[in-house]
Amino acid sequence: MEVKTKSLLDNMIGVGDMVLLEPLSEESFIENLRKRFDHNEIYTYIGSVVISVNPYKSMLIYTPERVEEYRNRNFYELSPHIYALADEAYRSLRDQDKDQCILITGESGAGKTEASKLVMSYVAAVCGKGQEVNKVKEQLLQSNPVLEAFGNAKTVRNDNSSRFGKYMDIEFDFKGDPLGGVISNYLLEKSRVVKQPRGERNFHIFYQLLSGASDDTLKKLKLDRDFSKYNYLSLDSAVVNGLDDATNFRTVRNAMQIVGFMEDEVQSVLELVAAVLKLGNIEFKPESRCNGTDESRVKDKNDLKEMCELLGIEQSVLERAFSYRTVEAKMEKVSTTLNVAQAYYARDALAKNLYSRLFSWIVNRINESIKAQAKTRHKVMGVLDIYGFEIFEDNSFEQFIINYCNEKLQQIFIELTLREEQEEYVREGIEWTNIEYFNNAIICDLIENHQNGILAMLDEECLRPGTVTDETFLDKLNMICAEHQHFESRLSKNSKFLNDHSLPHCCFRIQHYAGKVLYRVEGFVDKNNDLLYRDLSQAMYKANHTLIKHLFPEGNPAKVNLKRPPTAGFQFKASVGTLMRNLQTKNPNYIRCIKPNDKKAPHIFTESLVCHQVRYLGLMENVRVRRAGYAFRQAYEPCLERYKMLCKRTWPHWRGPAREGVEMLMADLQVPAEEFSYGRSKIFIRNPRTLFFLEERRRQCLQDLATLIQKIYRGWKCRTHFLLLKKSQIVVAAWYRRYAQQKKYEKIKSATTVVQSYTRGWQARKLLRELKHQKRCEEAVTTIAAYWHGTQARRELRRLKEEAKRKHAVAVIWAYWKGLKVRREYRKFFRANAGKKIYDFTIQRIMQKYFLGLKRTLPSMSPVDKNWPARPYVFLDGVHTELRRIFHLWRCKKYKSKFTEEKKAVYEEKLEASELFKDKKSLYPSSVSQPFKGDYLEISKNPKYQKLNSSFDEKVLLADVVNKINRANGKGTTRILLLTKKNVVLADQKTGQVKASVPLPDLTSVSVSTQNDGFFALRLKEGSASAVKGDFLLSSEHLIETITKLHHIGSTASDREQLNVDISDEFLVQFKQDKVCVKFIQVAPKNGNSVSCKRKNNRLLEVTVPASA
Ligand SMILES: Nc1ncnc2c1ncn2[C@@H]1O[C@H](COP(=O)(O)OP(=O)(O)OP(=O)(O)O)[C@@H](O)[C@H]1O
Ligand SMILES: [Mg+2]
């Protein structure tokens, strides 16, 4: 559980909050700081302001554990820390939607930059996480090393002194996750580029580049690792203890990459840095001209050449720009030569401008990367780390500007602190009387007043025509500011009437809030003018280098602007004004840094130095203001929580409102009424004494409580221990008993199992024996029963058979006896017709039985099925045969009725063939199975016979190849025989030419033999036209079909007689006038012999036919 009563008042070294200091004096204040510093407590509060004393050593108070410790804790809950302030600011930004700014002030080396980094790293650690958020955080944090490399330098006061002012706005979304940021930079101390005071260095990047870059990079940049080769690098402190330039260079390169610099951008930046170094090495020599003036010339052109190569500038252009100056005024251009001093001035001006513009470009480039992407409203936390108040031996324009900025910050601090304090009293309803404090507005006015402020006068002087020098500027100051109480010069009234020897002639002194500073006016006018000859900016613009071109836009001849650019002082004043306005809109949080010694060493606390800072930072006033009202304030809840043990009625619990509890407490403790006031949400304690009184009482009470708690705790511990032992003993005993019982049980169980197994085995064997015996008995019984049943069955069968025989005999005997009896009895009545009746009845019965039997045994419906049941009685012979015939006819009729017309015609023809040839010609049986095809030549389809086919209109009934027998030698010639309804045609087989066409009425008969041959003679009607050539003797393979078709046509035609078919082995054929006899002789079949026809004599043709097998 969180310890709510924890407070910064616990284990305090000195006092954690200066407001509680008692008694309050400058000595006690510094003593308190010292005491805490000696105990490594570098942070102390003045109310909500954090004082940070630079430890000059690394401390173990920034660990992640410490971050966790301070996370989400109240400001006064833990010992003072910068994390407490960062946490307070972050939470009030996140939860109360108040924009915050963290103002870090203090002199150079006091730890402002470190403090700003600590604040940023704390916020980064406690805000949201996630890939995108982490990237933003990383970029924001990594912008620091880059800016420090280019904007920080070693000074006598600080090895890492910020030489520019930085204000960074970190933007958050509604959840408190960082979205991005914007960095504003203020006036880089660019004079450092060309000249550094003794013991100081140029900006870190120059040394880092020369120490850390690889040989290759240096070669590309035309640089040498030796610092001594560069005029712009001071040698006396080139190497700084504890600063590893080479490692830092790698860190910076890495940081640039993380921030989002492209590789070519980094290269360009390094080229510019190298160019500045090269520029410093360019030297000039005088050259007298004929008109008596001196003109400068570049001494050794090597560095100039290398620089021009690096930046892509034409050497002659730059060289000319170092020797001449062109002044343009009202359309007129006047070119004047530069002497050596002017050339050096021009060179340095160029180097300073180049570097400061590069620095601004880097800031803008970082801004581009870290810019918040989301367009939603942002909450903003600004962190201001500006160069600290500076008092050097020799203070110039830069120090004047820096100190002016610090004056403004001090002013805002005074205003906002007091305003906040007063607002709180009003908010809480506490009576408040205004407090007097030193207001530095008067000093700010001395510097920035529009009419007679120092900056305004400097501008006026710079813009004034005529000779303007630093001295004329000082004269002007003497004239205008002489009366001002914070201004001193030899001529002012404060300068003790010209006798002040500490005040040289060319100087003026300002009494700043932080002390008096003597400024040397030398260089004020030049630095304020910040002039860069136009020739130089134009030369730069002509460079073939993108970045350089971009840095010198005014060099563009197309955009020549004759107006003077605003002065450095004017610009600075404007940007400081903007910054102040910006800060005033935000809730301020202060970190006031104090430098403990001038040696940059740990453990040294120089009281005079600290005292000076305490004074000028106005810290005592801060405490007084804080205490003028009430020294301490606390919300009712934590107050009651912390002190409730001091009153019996509030301890241990107070159920009512916290305020009433606190009132009860105060009354009970009898704290005098003037010592405190009740606000709306807080109690205000006027004197630290009262608070310490409460603390003391609380400490005593805590001791008593601790004793009580210890007593109770010890009792509880012993009791708990005893109970635990007792409980353990029971548990152990229980476990042991359980174990012993378990063992015993397992033994019994295994014995039981053995006994059981034996018993079960014995029982099983016994049962098996019984079952086997039983099975054998059952088998025996079954066998005996089978035998016995068999005997019984056979006996019964025998008995039944005998009984049947007896019954049959009885029936026969009875029938005979009955017949006899009937015959005897009825003989006398039916003697005449009984016999006939019995006969009829018997016949009827027999016929009935016969028909029923026949019905059952009828053969199949196939007409060729020759089966027929046997005749049962002889007297039914005729009937049986007749029935067979009738049945056959009936089934033939049935069979025929299923025929189609074509099939019918075929069968009719077959029938006709049968009538003509059956049993008359031996060839017939072989033709029965052959179907009558008719058109064997497929005459209508065969293209060969197309002509022949087309010569008839009627349908061809038969087309076949036949042999026409020559009567001269009995040899055959092949012819096509066509038969139509009207003609018989003979045609040539090859040509299809019609040889003879006989109309059917001219045919009288056809003669064929009885043999197995295909010869036939067509006999023609005597006297008919066809008969002129005589009859035809032909031989065909389809004789039966041909003759049947001829006969069929004759039988169906009504106009003529039926064709006669003579079947005889000898017939006469009329050949023209002769009649020739054709005789058929049957011969025995020899191997391969066939039908042959030979002419025997004039009147005889002999055909030998082998007998069929
Ligand atoms: N909290 C700290 N812990 C350890 N060392 C510190 C701390 N604060 C500052 N220092 C040391 O003091 C040195 C100077 O600090 P820093 O650069 O922050 O001063 P500054 O106030 O920013 O000075 P300037 O105004 O010159 O920029 C640091 O380089 C560091 O060595
Ligand atoms: Mg700094």
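Nothing here was measured: the structure is a model prediction, and the numbers come from that model. (Residues numbered from 1 in each chain as written. Chains lettered and ligands numbered in written order. Predicted model: local features only at pLDDT ≥ 70, side-chain atom pairs only at ≥ 80, totals over all residues. Heavy atoms only, no water.)

## A few points about the site of ligand 1
With respect to spatial proximity, 18 residues lie near ligand 1, and among them S108, K112, T113, S161 and S162 are the closest. Here an oxygen atom of ligand 1 sits 3.3 Å away from a polar atom, N or O, in the main chain of A110. Protein coverage of the free-state accessible area of ligand 1, which is 620 Å², stands at 86%. Among the elements of the structure, α4 (112–126) and β5 (161–162) are those that each provide at least two residues to the shell around ligand 1. For the shell around ligand 1, the element with the highest residue contribution is α4, accounting for three residues. Here the residues of the shell around ligand 1 are counted per class, giving four nonpolar, ten polar and four charged. (Near = heavy atom within 4 Å. Polar contact = N/O pair within 3.5 Å; in protein donor to acceptor, adjacent residues only side chain to side chain. Areas by Shrake-Rupley, 256 points an atom, 1.4 Å probe, with all protein chains shown as cover. Helix = DSSP H or I, 4+ residues; strand = E, 2+ residues; numbered from the N terminus. Nonpolar A, V, L, I, M, F, W, Y, C, P; charged D, E, K, R; others polar.)

## Re the packing of aromatic side chains
Going through the model one piece at a time under the given rule, you end up with 35 aromatic pairs. Seen in terms of ring centroids, F261 and W361 are 6.2 Å apart; in terms of plane orientation they differ by 65°. Their pairing is edge-to-face. You can see F261 sitting in the loop between α9 (245–259) and α10 (263–281) and its partner W361 sitting in helix α13 (residues 340–370), a full 100 residues away along the chain. One exposure class covers both F261 and W361, and it is buried. (Phe/Tyr/Trp six-rings, centres within 6.5 Å; stacked < 30°, edge-to-face > 60°. Buried < 20%, exposed > 50% of the residue type's maximum accessible area, 1.4 Å probe, protein only.)

## Focus on the pairing of strand β24 (residues 1003–1008)
Within β24, five of the six residues are buried, which leaves it mostly tucked inside the rest of the structure. As paired strands, β24 and strand β25 (residues 1015–1020) are joined by five bridges and run antiparallel to one another. Residue pairing in the sheet places V1008 in a bridge with F1016 of β25. Here β24 folds back onto β25 in antiparallel fashion, the turn holding six residues. (Pairing = 2+ DSSP bridges.)

## Notes on unusual backbone geometry
In this structure, the amide linkage connecting E22 to the following residue, P23, adopts the cis form with an omega of -5°. Along the chain, P23 turns up in the segment before α1 (26–38). The step from W651 to P652 runs through a cis peptide bond, and the omega angle for that step is 0°. Mapped onto the secondary structure, P652 falls in the loop between α24 (636–643) and α25 (658–669). Backbone geometry places L187, a non-glycine residue, at a positive phi of 30°. Here L187 is to be found in the loop between β7 (178–186) and α6 (191–194).

## Quick word on the coordination of the magnesium ion (ligand 2)
Note on metal sites: the ideal angle is 109.5 degrees for four tetrahedral donors, and 90 or 180 degrees for six octahedral donors. Looking at the magnesium ion (ligand 2), the protein donor atoms are T113 (OG1) and S162 (OG), and they sit 1.9 to 2.1 Å from it. Of this pair, T113 sits in helix α4 while S162 is found in strand β5, placing the two residues 49 residues apart along the sequence. Comparing T113 with S162 shows no difference in burial state: the two are buried. (Donors = N, O, S within 2.8 Å, 3.2 Å for Na, K, Ca; no water.)

## Looking at the state of the cysteines
The final tally for this structure, using the stated rule, is zero disulfides. Looking at C506, it has no disulfide partner, and the nearest cysteine sulfur is the one in C507, 4.2 Å off. (Disulfide = S-S within 2.5 Å.)

## Description of the packing of α24 against α25
Contact pair α24 / α25: the axes reach a minimum separation of 8 Å and the direction vectors enclose 45°. The angle between the axes of α24 and α25 places the two elements in the oblique class. As α24 packs across α25, the resulting crossing turns out to be left-handed. On α25, the residues touching Y636, E637, C639, L640 and Y643 of α24 are A658, R659, G661, V662 and L665. Along the lines of polarity and charge, the residues of the contact of α24 with α25 split into seven nonpolar, one polar and two charged. (Axes fitted to C-alpha atoms, helices over the stretch in contact; angles between N-to-C directions. Parallel < 35°, antiparallel > 145°, perpendicular 65-115°, else oblique. Left-handed = near helix turned anticlockwise from the far one by under 90°. Contact = heavy atoms within 4.5 Å.)

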